[in-house]
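Residues per chain, in single letters:
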Amino acid sequence: MAGARTPSAPPGSAPPDTWPDTDDALLAVRAAEGDEDAFAVLVQRHAPSLTQLAARLLGTRTEAEDAVQDAFLSAWRRLPEFQGRSSFGTWMYRIVTNRCLNVLRSRRPAAPLEAAGDVAAAEHSTSPARITEGRDAVRELREALDLLSAEQRACWVLRELDGRSYEFVAEAVGISQEAVRARVFRARRCLTQALGAWR
């Protein structure tokens with residue numbers, strides 16, 4: 001894709017999916033040939049889940065959106081390297097995960113995980129006491145996640161929050177399945193100890 005221009009549309013502003021029956025692999029081939037519309041469709045399809053992942057890993061929506069946009073720009077430049085050995089989605093998960101890992105490793109202390117708001121009190125619990133309890137639990141989870149290493153956090157988020165297989169996590173993070181299992185185990189143990197009061 002030498003000489004190809006970088007797509008002007010950032011993630012989240014892609015046009016509607018004009019090829020709903022076209023699979024990602026064919027769109028990636030077209031994009032590698034310089035078809036910006038094909039790439040825009042890939043952005044539209046995958047940006048929401050990738051942004052959610054990045055928000056869980058990095059803790060802020062702004063950082064997550066920046067990481068995903070950077071990842072898509074990197075993917076656009078690297079499309080000739082994508083040879084279909086994995087799905088386009090898995091490839092993007094790996095790029096986004098690696099970008100987030102680099103951010104996590106570079107900062108101390110880690111930022112609070114605002115995206116953990118998803119685990120607040122159940123919908124039927126609307127009393128002030130239950131809302132306060134839910135907020136306290138979210139705060140505790142944020143603090144507990146900050147205790148994890150970057151790799152443990154990535155493996156735990158992909159496995160426990162995204163429900164991905166160990167094989168998928170291993171490919172996304174770039175480590176063996178055995179290493180993923182070890183990191184998830186350590187993360188679970190650390191979170192269990194830190195969140196004992198909320199079990």
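See above for the structure.
Not measured: the values here are computed from a predicted model. Residue positions within a chain follow its written sequence, with the count starting from 1. Confidence filtering applies because this is a predicted model: local features only for residues at pLDDT of at least 70, side-chain atom pairs given and counted only at 80 or more, and all residues used for totals across whole chains, interfaces and linings. Note that water and hydrogens are dropped before the side-chain values are worked out from all heavy atoms of the structure.

A. Looking closely at the overall build of the protein chain. Strands here are runs of E lasting at least two residues and helices are runs of H or I lasting at least four, both read from the DSSP assignment and numbered beginning at the N terminus. The helix and strand inventory of the protein chain stands at 8 helices and 0 strands. Across the protein chain, helices and strands are ordered from the amino to the carboxyl terminus as α-α-α-α-α-α-α-α. Accessibility here uses a 1.4 Å probe with only protein chains present; expressed as a share of the type maximum, an area under 20% marks a residue as buried, one over 50% as exposed, and anything in between as partly exposed. Among the 199 residues that make up the protein chain, the fraction classed as buried is 41%. Throughout, a residue-residue contact means that at least one pair of heavy atoms, one from each residue, lies within 4.5 Å. A separation of at least 24 residues holds for 70% of the contacts in the protein chain among residues at least 6 apart in sequence. For accessible areas, the Shrake-Rupley method is used with a probe of radius 1.4 Å. Any residue's cover is judged against the shown protein chains and nothing else. When the accessible surface of the protein chain is split by element, carbon and sulfur atoms take 47% of a total near 10,600 Å².

B. Focus on the nonpolar core. Membership of the largest hydrophobic core comes to 53 residues, with the highest contact counts inside it found for Phe39, Phe88, Met92 and Val96. Only helix H1 (24–32), helix H2 (36–58), helix H3 (61–78), helix H4 (88–106), helix H5 (128–145), helix H6 (150–161), helix H7 (166–173) and helix H8 (177–194) provide two or more residues apiece to this core. Among the elements that make up this core, the one with the highest residue count is H2 (12 residues). Buried residues of nine kinds, namely Ala, Val, Leu, Ile, Met, Phe, Trp, Tyr and Cys, make up a nonpolar core once their side-chain atoms join them within 4.5 Å.

C. Region of the structure containing H6. A helix is expected to span 1.5 Å for every residue after the first. Compared with an ideal rise of 1.5 Å per residue, which puts 12 residues at 16 Å, H6 spans 16 Å between its outermost C-alpha atoms and is within 8% of the ideal. Considered for burial, the residues of H6 that qualify are Ala150, Gln152, Arg153, Ala154, Cys155, Trp156, Val157 and Leu158.

D. Region of the structure containing the packing of aromatic side chains. The pairing test for Phe, Tyr and Trp rings, Trp by its six-membered ring, is centres within 6.5 Å, and the orientation test on the planes gives stacked under 30 degrees, edge-to-face over 60, and tilted for anything in between. In this structure the tally under the stated criterion is 6 aromatic pairs. Seen in terms of ring centroids, phenylalanine 82 and tryptophan 91 are 5.0 Å apart; in terms of plane orientation they differ by 35°. Their pairing is tilted. Take phenylalanine 82 and tryptophan 91: they sit in the same class, and that class is buried. Ring plane angle 55° and centroid distance 5.8 Å describe the contact between phenylalanine 88 and tryptophan 91, whose orientation is recorded as tilted. Taken together, the residues phenylalanine 88 and tryptophan 91, both in helix H4 and 3 residues apart, mark about one turn of the helix.

E. The arrangement of the layout of surface pockets in detail. The computed volume of the largest pocket comes to approximately 200 Å³. Of the two site types, the cavity is a set of points on a 1 Å grid over the protein atoms alone where a 1.4 Å probe fits but cannot get out, and the pocket is an open set with protein on both sides within 12 Å along at least five of seven lines, each lined by residues with an atom within 4 Å of a point. Around the largest pocket, the lining residues are Glu81, Phe82, Gln83, Gly84, Arg85, Ser86, Thr90, Trp91, Arg94 and Glu171. The leading source of residues in the lining of the largest pocket is H4, at 3 residues. For this classification, the nonpolar set comprises Ala, Val, Leu, Ile, Met, Phe, Trp, Tyr, Cys and Pro, the charged set comprises Asp, Glu, Lys and Arg, and every other residue, Gly included, is treated as polar. Class assignment of the residues belonging to the lining of the largest pocket gives a composition of 2 nonpolar, 4 polar and 4 charged. Grid points are joined across faces, edges and corners, and a volume is the space filled by probe spheres set on the points.

F. Local environment of the environment of leucine 161. Relative to the helices and strands, leucine 161 is located in helix H6. For leucine 161, a relative accessible area of 32% gives the class partly exposed. Measuring from C-alpha to C-alpha, the distance between leucine 161 and leucine 53 comes to 8.9 Å, with 108 residues separating the pair along the chain. Excluding its chain neighbours within four sequence positions, the residues that come into contact with leucine 161 are Arg56 and Trp156.

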